[in-house]
Each structure stands twice: as structure tokens, then as C-alpha cells.
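# A look at the structure
One letter stands for each residue in the lines below.
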Amino acid sequence: MLRLLTSLEPEVLARLEHNAHRVDLAAGLPPGTRLASKNGWITGVRHGAAVVHPHDAPPYALAVCYTGPLANGQDTGDPAARLLAGISSRVWACRHRLAPHVV
């Protein structure tokens, strides 16, 4: 997922900045953080991939896929969505130490 996302043309990434589902990875970021993301869910599976553009650090790419009982298949209220948001939040906290992704 990460390789696919980071190989997209800038015009396609710009479209992904308009993802209406601000759950999963996006939910773990401060409000207003720019990101190009794709997420999805069904019962038993939750995934998200994003190129995140912090205002104070270089852009970085992140992808998380979860398979297991936490993924109840709901848009909101899914425990797996909170898990992905928590991972995103922890990566955000380390953003100044990440290798930048050139977008």
C-alpha cells in the first residue's frame, strides 16, 4: 500500500487530500493537518495509508493494515479505527526524526 501511494502522481495525491472519511490515520493527527489518504474497512479488516504534510517537518508516508476481531466493519465507532488513529498519533509525535518522503 505504501509503495502504491508514494508512487502516485502529484495530481492523484491532490485528489486524495479530499478524502471525506477523516477516521483511522487522519483521526490521530492534529486538526487541519494536510494529508493525502486512502482508508477502508470491512468486518475483520481495517487499513489506512497517507502522505502527511506537517507544518513543521518534512512530509512522511504511513500505512497501517489491521486484521482481527477489533475491526467491526463500521465507519465510526470501530475499535480498529481507534487503533490506527493511535498509531498515527505516535508517528506524528516522532515526525521530526522520520526520514522525509519526497512528494
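An account of the accompanying structure is given in this report. Quick caveat: nothing in here was measured; it's all calculated off a predicted structure.

### Observations concerning the overall build of the protein
When its secondary structure is counted, the protein shows three helices and two strands. Tracing the protein from N to C terminus, the helices and strands come up as α-α-β-β-α. The globule rule puts the C-alpha radius of gyration for 103 residues at 13 Å, and the 13 Å found for the protein is close to it. Buried residues in the protein amount to 41% of all 103 residues. For the protein, contacts bridging at least 24 residues in sequence account for 48% of all contacts bridging at least 6.

### A look at the pairing of strand 2 (residues 60–72)
Residues in a regular strand point their side chains to alternate faces of the sheet. Judged from the nine bridges that link them, strand 1 (residues 34–53) and strand 2 form a sheet pairing that is antiparallel. In the sheet register, Val-51 faces strand 2, and the bridge partner there is Ala-61. Between strand 1 and strand 2, which pair antiparallel and follow one another directly, the connecting turn spans six residues.

### A few points about helix 3 (residues 79–93)
In this model, helix 3 (15 residues) spans 21 Å end to end at C-alpha, consistent with the 21 Å of a helix rising 1.5 Å per residue. Contacts from the buried residues of helix 3 go to strand 1 and strand 2. Near the N-terminus of helix 3, the side chain that reaches the backbone nitrogen of Ala-80, with its oxygen 2.8 Å away, is that of Asp-78.

### A closer look at the pattern of salt bridges
All told, the structure shown has four salt bridges when counted by the stated rule. The salt bridge partner of Asp-24 is Arg-46, with a shortest N-O separation of 2.6 Å. Placement of the pair is Asp-24 in the loop between helix 2 (10–16) and strand 1 and Arg-46 in strand 1, with a sequence separation of 22 residues. Relative accessible area serves as the criterion here: at 1%, Asp-24 is assigned to the buried category.

### Concerning the nonpolar core
Ranked by size, the top nonpolar core spans 15 residues in total, and within it Leu-25, Leu-29, Leu-35, Val-52, Tyr-60 and Leu-62 carry the most contacts. Broken down by secondary-structure element, the contributors of at least two residues to this core are strand 1, strand 2 and helix 3. Ranked by residue count, the leading element in this core is strand 2, at five residues. The contact partners of Leu-29, leaving out residues within four places of it in the chain, are Leu-35, Val-52, Tyr-60, Ser-88 and Trp-92. In this structure, Leu-5, Leu-13, Ala-36 and Ala-49 belong to the second largest nonpolar core, which totals five residues.

Calculation rules
Residues numbered from 1 in each chain as written. Predicted model: local features only at pLDDT ≥ 70, side-chain atom pairs only at ≥ 80, totals over all residues. Heavy atoms only, no water. Helix = DSSP H or I, 4+ residues; strand = E, 2+ residues; numbered from the N terminus. Rg over C-alpha atoms; globule rule 2.2 N^0.38 Å. Buried < 20%, exposed > 50% of the residue type's maximum accessible area, 1.4 Å probe, protein only. Contact = heavy atoms within 4.5 Å. Pairing = 2+ DSSP bridges. Expected span 1.5 Å × (residues − 1). Polar contact = N/O pair within 3.5 Å; in protein donor to acceptor, adjacent residues only side chain to side chain. Salt bridge = Lys/Arg side-chain N within 4 Å of Asp/Glu carboxyl O. Core = buried A, V, L, I, M, F, W, Y, C linked by side-chain atoms within 4.5 Å.

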